[in-house]
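What follows is each chain in one-letter form.
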Amino acid sequence: MEGKKTPLYDTHVKYGGSIVDFGGFLLPVQYEAGIKKEHMAVRTECGLFDVSHMGEILVQGEKALEFLNHVLTNDYTDLKDGCARYSPMCNENGGTVDDLIVYKKADNDYFVVVNAANTEKDFQWMVDHKIDGVELSNVSAEWGQLALQGPNSEKVLAKVAKPEAIPAGYYTCVFDTEMQGIPCMISRTGYTGEDGFEIYMPADRAVDAWELLMDAGQEYGILPCGLGARDTLRMEAAMPLYGHEMNDEISPKVAGLGFAVKMDKPEFIGKEAIEAATPLKQRRVGLKVTGRGILREECDVYRDGKKVGVTTSGTFLPYLKGSYAMAIVEAADREIGAACQVEVRGRMIDAEMVKLPFYKREK
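Residues numbered from 1 in each chain as written. Predicted model: local features only at pLDDT ≥ 70, side-chain atom pairs only at ≥ 80, totals over all residues. Heavy atoms only, no water.

**What about the pairing of strand β3 (residues 25-30)?**
If a strand is regular, its side chains alternate between the two faces of the sheet.
Line of reasoning, step 1. Summarising the sheet, strand β1 (residues 4-5) and β3 pair through 2 bridges and their orientation is parallel. When the sheet's bridge partners are listed, Lys5 is paired in β3 with Leu26.
Line of reasoning, step 2. Pairing geometry for strand β2 (residues 18-22) and β3, over 5 bridges, is antiparallel. Note on β3: the bridge partner recorded for Asp21 is Leu26.
Line of reasoning, step 3. Between the end of β2 and the start of β3, which pair antiparallel, lie 2 residues, with Gly23 showing a positive phi angle near 55°. (Pairing = 2+ DSSP bridges. Helix = DSSP H or I, 4+ residues; strand = E, 2+ residues; numbered from the N terminus.)

**Topic: empty space enclosed by the protein**
Line of reasoning, step 1. With the rule as written, the count across this model stands at 1 cavity of 30 Å³ or more.
Line of reasoning, step 2. Among the elements of the structure, β3, β4 (46-50) and α7 (227-236) are those that each provide at least two residues to the lining of the largest cavity.
Line of reasoning, step 3. The residue inventory of the lining of the largest cavity, partitioned by class, reads 6 nonpolar, 2 polar and 2 charged. (1 Å grid on protein atoms, 1.4 Å probe; cavity = no way out; pocket = protein on both sides within 12 Å on 5 of 7 lines; lining within 4 Å. Points joined across faces, edges and corners; volume = space filled by probe spheres on them. Nonpolar A, V, L, I, M, F, W, Y, C, P; charged D, E, K, R; others polar.)

**Some thoughts on the sheet that holds strand β6 (residues 84-90)**
Line of reasoning, step 1. Strand order in the open sheet formed by 5 strands is β6-β7-β8-β5-β9, and the pairing between neighbours is antiparallel. The strands lining the two open edges of the sheet, one partner per strand, are β6 and β9 (135-138). Between one strand axis and the next, the sheet turns by 25° as a mean value, whatever way the strands run.
Line of reasoning, step 2. Each of β5 (55-60), β6, β7 (96-106), β8 (109-114) and β9 is contacted by helix α4 (residues 119-128), which is oriented at about 170° to β9, the strand it contacts most. (Axes fitted to C-alpha atoms, helices over the stretch in contact; angles between N-to-C directions. Contact = heavy atoms within 4.5 Å.)

**Overview of the layout of surface pockets**
Line of reasoning, step 1. Volume-wise, the second largest pocket comes out at about 480 Å³.
Line of reasoning, step 2. Surrounding the second largest pocket, 27 residues form its lining, Glu249, Ile250, Val254, Gln282 and Ile328 being those nearest its centre.
Line of reasoning, step 3. At the level of secondary structure, the elements contributing two or more residues to the lining of the second largest pocket comprise α8 (271-276), β17 (306-317) and β18 (322-330).
Line of reasoning, step 4. With 5 residues, the single largest contributor to the lining of the second largest pocket is β17.
Line of reasoning, step 5. Of the residues that constitute the lining of the second largest pocket, the class distribution is 10 nonpolar, 11 polar and 6 charged.

**Brief notes about the pattern of salt bridges**
Line of reasoning, step 1. Evaluation of the coordinates by the stated rule reveals 18 salt bridges.
Line of reasoning, step 2. With a shortest N-O distance of 2.8 Å, Asp195 and Arg188 are connected by a salt bridge.
Line of reasoning, step 3. According to the relative accessible area criterion, Asp195 is buried, its value standing at 16%.
Line of reasoning, step 4. The exposure class assigned to Arg188 is buried, which follows from its relative accessible area of 6%.
Line of reasoning, step 5. Among the charged side chains, a salt-bridge network with shared partners connects Arg43, Glu194 and Glu236. (Salt bridge = Lys/Arg side-chain N within 4 Å of Asp/Glu carboxyl O. Buried < 20%, exposed > 50% of the residue type's maximum accessible area, 1.4 Å probe, protein only.)

**Section: the packing of helix α2 (residues 35-44) against α7**
Line of reasoning, step 1. For the pair α2 and α7, interaxial distance at closest approach is 8 Å and the crossing angle is 50°. Put simply, α2 runs oblique to α7. α7 is crossed by α2, and the crossing has right-handed handedness. Facing α2, whose interface residues are Ile35, Glu38, His39, Val42 and Arg43, α7 presents Gly228, Ala229, Thr232, Leu233 and Glu236. (Parallel < 35°, antiparallel > 145°, perpendicular 65-115°, else oblique. Left-handed = near helix turned anticlockwise from the far one by under 90°.)

**Structural notes on the sheet that holds β3**
Two orientations exist for strands paired in a sheet by backbone hydrogen bonds: parallel and antiparallel.
Line of reasoning, step 1. The 3 strands are arranged β1-β3-β2 in an open sheet whose pairing can be described as mixed. One side of each edge strand has no neighbouring strand; the edge strands of this open sheet are β1 and β2.
Line of reasoning, step 2. Sheet strands touched by α7: β2 and β3. Its angle to β3, the strand with the most contacts, is close to 70°.

**Structural notes on the packing of aromatic side chains**
Line of reasoning, step 1. Per the counting criterion, the structure on display carries 11 aromatic pairs.
Line of reasoning, step 2. Geometrically, the ring pair formed by Phe111 and Tyr200 is edge-to-face, given 5.3 Å between the ring centres and 90° between the ring planes. Separated by 89 residues along the polypeptide, Phe111 in strand β8 and Tyr200 in strand β13 (residues 196-202) bring together distant segments of the chain.
Line of reasoning, step 3. The buried category is assigned to Phe111, whose relative accessible area is 5%.
Line of reasoning, step 4. Three or more aromatic residues joined by ring pairs make a cluster, and in this case those are Tyr103, Phe111, Trp143, Phe175 and Tyr200.
Line of reasoning, step 5. Sitting over the ring of Tyr76, Arg85 keeps its end group 6.0 Å from the ring centre. (Phe/Tyr/Trp six-rings, centres within 6.5 Å; stacked < 30°, edge-to-face > 60°. Lys NZ or Arg CZ within 6 Å of the ring centre and 35° of its normal.)

**Concerning the state of the cysteines**
Line of reasoning, step 1. Counted by the stated rule, this structure contains 0 disulfides.
Line of reasoning, step 2. Not engaged in a disulfide, the cysteine Cys46 finds its nearest cysteine sulfur in Cys225; these two sulfurs lie 8.2 Å apart.
Line of reasoning, step 3. We classify Cys225 as buried; its relative accessible area is 2%. (Disulfide = S-S within 2.5 Å.)

As structure tokens, then:
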């Protein structure tokens, strides 16, 4: 099997990970406990993921803020130091180049985290649209990243990091801190629908950080978690995945990300196309199986015998104990509570349109 290895490849093998190729990286799809137990550990206790395949780009210089507001749909004007903000990045046609998170270290100094498979594409897109007064650096190879997720994650982190190193609020972060001598940046973010942290450290310290957190988490039910649970968890929380709920053709508004598209900004790449596509002809919706069967991606959705859309992600969700999917359907046919059918390998499965997210943690 060919592919890039994260700094934790040998650690995954040691922990019994089943390795697959994911976006050009060799990563564990699951460990010996299996996807269901890993999923439930994150919902009820704690799980640890290797997300070192994600890309990191530095945006620096006196025009850094102006540049971010130009290439991203969200507005970063009022972002404070030590805070993070999510955004899609659009092309001129209003389609989505990627979705990403921007962390502000200081004025003129931003740390941007992008999807692994899109790192080169995103960096090139940024370079192609660079303005004077901005420096861009693809520093992905320098960083390892771990995601510590679940209701016990703060207890685990508190065993290895000082209180001032632990970000208090959701989408806040602490730069230039440490966990027992391992230099790192810690953010209170995640892709699971649970409270948790994403921890960035020099690539050559990723194994040390993994072992430190696994040891600290033993009394809190920690499990190593793979790509399988990462996908079922983000599905339950109805978090969109690039290449599924959005792509170069699908706009963030259609994908249900209108909260991160600030149409009152003076300009951003794709704004005119998004304006021209209003009102929306298609929208994202949740589907819950009411019959028998598991929904998958790219299955046709029908209402009253008429095709109204297609599923973008679908699977069995362990915590909710049911089969669910997200779909992009005709806006006129999107009706919460409406019965519909999904064609899976020639068989019609009964479902109903439901609100997103499927799962929301109790604060």
